[in-house]
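What follows is the residue order along each chain.
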Amino acid sequence: MKNKREELLQRRANSVLGGGQERIDKQHKQGKLTARERVLLLLDENSFQETGMFIEHRSTYFGLDKVHYPGDGVVTGYGTIHGRLTYVFSQDFTVLGGSLSETHALKICKVMDLAMKNGAPIIGLNDSGGARIQEGVVSLAGYADIFYRNTRASGVIPQISVIMGPCAGGAVYSPALTDFIFMVEDTSYMFVTGPNVVKTVTHEEVTSEDLGGAKSHAERSGVNHFTASNDVECLKKVRDLMTYLPQNANELAPEPTQFAFNSSKNEAIKNILPENSSMPYDVRKVIDCVVDDESFREVQADFAKNIVVGFARLEGRTLGIVANQPSAMAGVLDIDSSRKAGRFVRFCDAFNIPLLVFEDVPGFLPGTDQEWKGIITHGAKLLYAFCEATVPRITVILRKAYGGAFDVMNSKNIGADLNFAWPTAEIAVMGAKGAAEIIFKKEISQAENPEAKWLEKEAEYADKFANPYRAAERGFVDDVILPEETRELLIKAFASLEKKAETLPLKKHGNIPL
Ligand code: HXC
């Protein structure tokens, strides 16, 4: 028995050592944790149960028959995050560069299948040189097995990808199919083809960091939802995000028993909007004055800044927030902001997270650039996402609600349950200046003083429509409220919608304008 015990302990120790101490030291020197260290930080203390620690690859090509690493370059298993079951896989770069073999993929697929069967989230920690080159097509097939499961699990369980090293080639498509991507500054990157291929094909000289680092994907492509400065901070952020999410699409997000709200924010909220309605302000101040203290977690904060999306809590309950941002491009809707918000709305709807919209939007962004890149199709994504959402949906119109953007931003006619407006709301087809120019064109041009006439007509139109009352008269908004009444009103309004039950017409699936 003693020998058997020792054998097991020795085998465990071998597996834990991954690619060996030298490679572990190299990983540490690069500022990266090892695969196991990451898992242990991600999960609650003593909760991790590893599966498949003795699995080995079966390949014999290119000398692989002589190289065996128990676990085959990926640590898999389950544990808890804040007491809730979570499945995890973590690629071990010290073993053949964390490359994905047939068996490595099999291990990942096993935990994905378990996560689906048990209705629990799956979190993947990615640090890999991609398909194991020596294995050829079987490793490619392994990726395909993962993509297939990612897609089948989409909208059923939350799937989180954390990029903590290289992630290149087709490998990027597994994270892309998941719900949220975290990246670590300086040590992680994602791209379909690396700088060398880029140079050969397009003659561009670019570093890995510029091409696909955390910053580029946070600001330019929007692929990266959350950036962290190192592994430890990143894993903390993942744990934090999980507290906002339900375990699966049949459950509600957990409700923390405690929440705080500094009531002085009911005063502060009165003074956020500038006197002049064409001046900018930061809509995040409004969000902050309404939701529980310190509860707002912005998603894709550095991408398409003209719209703000993120999770927050109201009396402890998770909400998804979508808000036009007047401090960036006047809060206009364009291609990127529509894509960003559309995807967020669909995540919330899939996972029973009620939606709260703060609206201050001058319209869609005009111009050839946007038209030729397909603002029609991309703008329709946000429209589609709101139209199909069946979770409780409330809009508060803070200021501008102009044109098609009024319809798109969770209006009652596209299924929102309740719409409220602040007295500063302006709900019209367009701004008064432009409207006057069009409908009083003749009168203005024939006037003795066209400029004065224009101003007079602009004032006339503004008087009629630059307020919330035309919309309230027709029931397009349910009430006009003072800013300081917003939080209490929303608490009651969401409580009234708690048991909302709405289903979509039976169909295989819709055809969102992709
Ligand atoms: C097998 C690999 C590997 C791979 C790295 N290694 N990538 N082994 N298959 N894909 C091994 C290296 O041989 C080395 O082994 C060890 O991992 C560490 O790699 P280094 O190159 O020394 O590390 P580093 O300098 O940090 O560079 C990391 C890297 C580089 C940038 C990731 O290794 C690299 O470019 N790898 C290849 C990337 C790639 O082209 N993959 C295929 C992508 S296509 P030793 O024994 O020397 O320590 C793809 C298709 C997916 O993935 C398809 C899905 C549809």
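Just above, that's the structure.
Calculation notes
Residues numbered from 1 in each chain as written. Predicted model: local features only at pLDDT ≥ 70, side-chain atom pairs only at ≥ 80, totals over all residues. Heavy atoms only, no water. Helix = DSSP H or I, 4+ residues; strand = E, 2+ residues; numbered from the N terminus. Rg over C-alpha atoms; globule rule 2.2 N^0.38 Å. Buried < 20%, exposed > 50% of the residue type's maximum accessible area, 1.4 Å probe, protein only. Areas by Shrake-Rupley, 256 points an atom, 1.4 Å probe, with all protein chains shown as cover. Lys, Arg positive; Asp, Glu negative; His and termini not counted. Charge placed at Lys NZ, Arg CZ, Asp CG, Glu CD. Expected span 1.5 Å × (residues − 1). Contact = heavy atoms within 4.5 Å. Axes fitted to C-alpha atoms, helices over the stretch in contact; angles between N-to-C directions. Parallel < 35°, antiparallel > 145°, perpendicular 65-115°, else oblique. Left-handed = near helix turned anticlockwise from the far one by under 90°. Nonpolar A, V, L, I, M, F, W, Y, C, P; charged D, E, K, R; others polar. Core = buried A, V, L, I, M, F, W, Y, C linked by side-chain atoms within 4.5 Å. Near = heavy atom within 4 Å. Polar contact = N/O pair within 3.5 Å; in protein donor to acceptor, adjacent residues only side chain to side chain.

Colleague: Describe the overall build of the chain, and please don't skip the residues or the numbers.
Modeller: In terms of helices and strands, the chain carries 21 helices and 17 strands. For 514 residues, the compact-globule estimate of 2.2 N^0.38 gives 24 Å, and the C-alpha radius of gyration of the chain, at 26 Å, lies within 12% of that figure. Dimensions of the chain, computed from C-alpha atoms along their principal axes, come out at roughly 100 × 55 × 45 Å. Relative to its full complement of 514 residues, the chain shows a buried share of 51%. Total accessible area on the chain is roughly 24,400 Å²; 54% of this is exposed by carbon and sulfur atoms. Where the 58 positive side-chain charges of the chain centre and where its 67 negative ones centre are 5 Å apart.

Colleague: I'd love a proper account of the environment of Gly-404, names of residues and values included.
Modeller: Within the secondary structure, Gly-404 is located in helix H16 (residues 403–408). Accessibility expressed as a relative area gives 40% for Gly-404, which makes it partly exposed. For the pair Gly-404 and Arg-297, spaced 107 residues apart in sequence, the C-alpha to C-alpha distance is 28 Å.

Colleague: Describe helix H4 (residues 102–117), listing the residues and the values that go with them.
Modeller: Here H4 contains 16 residues, and its C-alpha end-to-end distance of 22 Å stays within 8% of the 22 Å for a straight helix at 1.5 Å per residue. Within H4 the residues assigned to the buried category are Thr-103, His-104, Ala-105, Lys-107, Ile-108, Cys-109, Val-111, Met-112 and Ala-115. As for H4, its buried residues are in contact with strand S1 (49–51), strand S2 (74–81), strand S3 (84–91), strand S4 (122–126), helix H5 (137–153) and strand S5 (159–163). Backbone geometry just downstream of H4 places Gly-119 in the positive-phi region, at approximately 60°.

Colleague: Before we move on, can you summarise the packing of H4 against H5 with the specific residues and values?
Modeller: Relative orientation of the contacting elements H4 and H5 amounts to 10°, with a least axis distance of 8 Å. As far as their axial angle goes, H5 and H4 are roughly parallel. In this structure, the crossing between H4 and H5 has a hand that is left-handed. The residues of H5 that touch H4, namely those facing Glu-102, Ala-105, Ile-108, Cys-109, Met-112, Asp-113 and Met-116, are Val-138, Gly-142, Asp-145, Ile-146, Arg-149, Asn-150, Arg-152 and Ala-153. Across the contact of H4 with H5, the residue classes break down as 8 nonpolar, 2 polar and 5 charged.

Colleague: Can you break down unusual backbone geometry residue by residue, with the values?
Modeller: Unlike most non-glycine residues, His-82 shows phi in positive territory, near 50°. Note on placement: His-82 falls in the loop between S2 and S3. The phi dihedral of Ala-304 falls on the positive side, at around 45°, and the residue is not glycine. Mapped onto the secondary structure, Ala-304 falls in the loop between strand S10 (297–299) and strand S11 (307–314). The exposure class of Ala-304 is buried, given its relative accessible area of 12%.

Colleague: Explain the nonpolar core residue by residue, including any values.
Modeller: Soluble globular proteins tend to bury their nonpolar side chains together. With 50 residues, the main nonpolar core has Leu-42, Ile-123, Ile-160, Val-162, Leu-245, Phe-311 and Val-322 as its most contacted residues. In contact with Val-162, not counting residues within four places along its chain, are Ile-123, Gly-124, Leu-125, Asn-126, Phe-182, Cys-234 and Val-238. Counting 32 residues, the second largest nonpolar core, distinct from the first, contains Ile-269, Ile-287, Ala-312 and Leu-398.

Colleague: Run through the packing of helix H17 (residues 432–439) against helix H19 (residues 450–465), naming residues and quoting values.
Modeller: Interhelical geometry of H17 versus H19 gives an angle of 115° and a closest axis separation of 8 Å. Remark: the crossing between H17 and H19 carries right-handed chirality. Contact residues: H17 offers Ala-432, Lys-433, Ala-435, Ala-436, Glu-437 and Ile-439, while H19 offers Trp-454, Lys-457, Glu-458, Tyr-461 and Ala-462. Its residues assigned to classes, the contact of H17 with H19 comprises 7 nonpolar, no polar and 4 charged.

Colleague: Run through the site of the ligand, naming residues and quoting values.
Modeller: As a structural note, the neighbourhood of the ligand is formed by 19 residues, with Arg-23, Gly-97, Gly-129, Ala-131 and Ile-133 the closest of them. Within the contact set of the ligand, a nitrogen atom lies 3.1 Å away from a backbone nitrogen or oxygen of Ile-133. Compared with its free state, where it exposes 1,000 Å², the ligand has 56% of that area covered by protein. The set of elements that each furnish at least two residues to the shell around the ligand consists of H5 and strand S6 (166–168). Broken down by element, the shell around the ligand gets its largest block of residues, 3 residues, from H5. Of the residues that constitute the shell around the ligand, the class distribution is 11 nonpolar, 6 polar and 2 charged.

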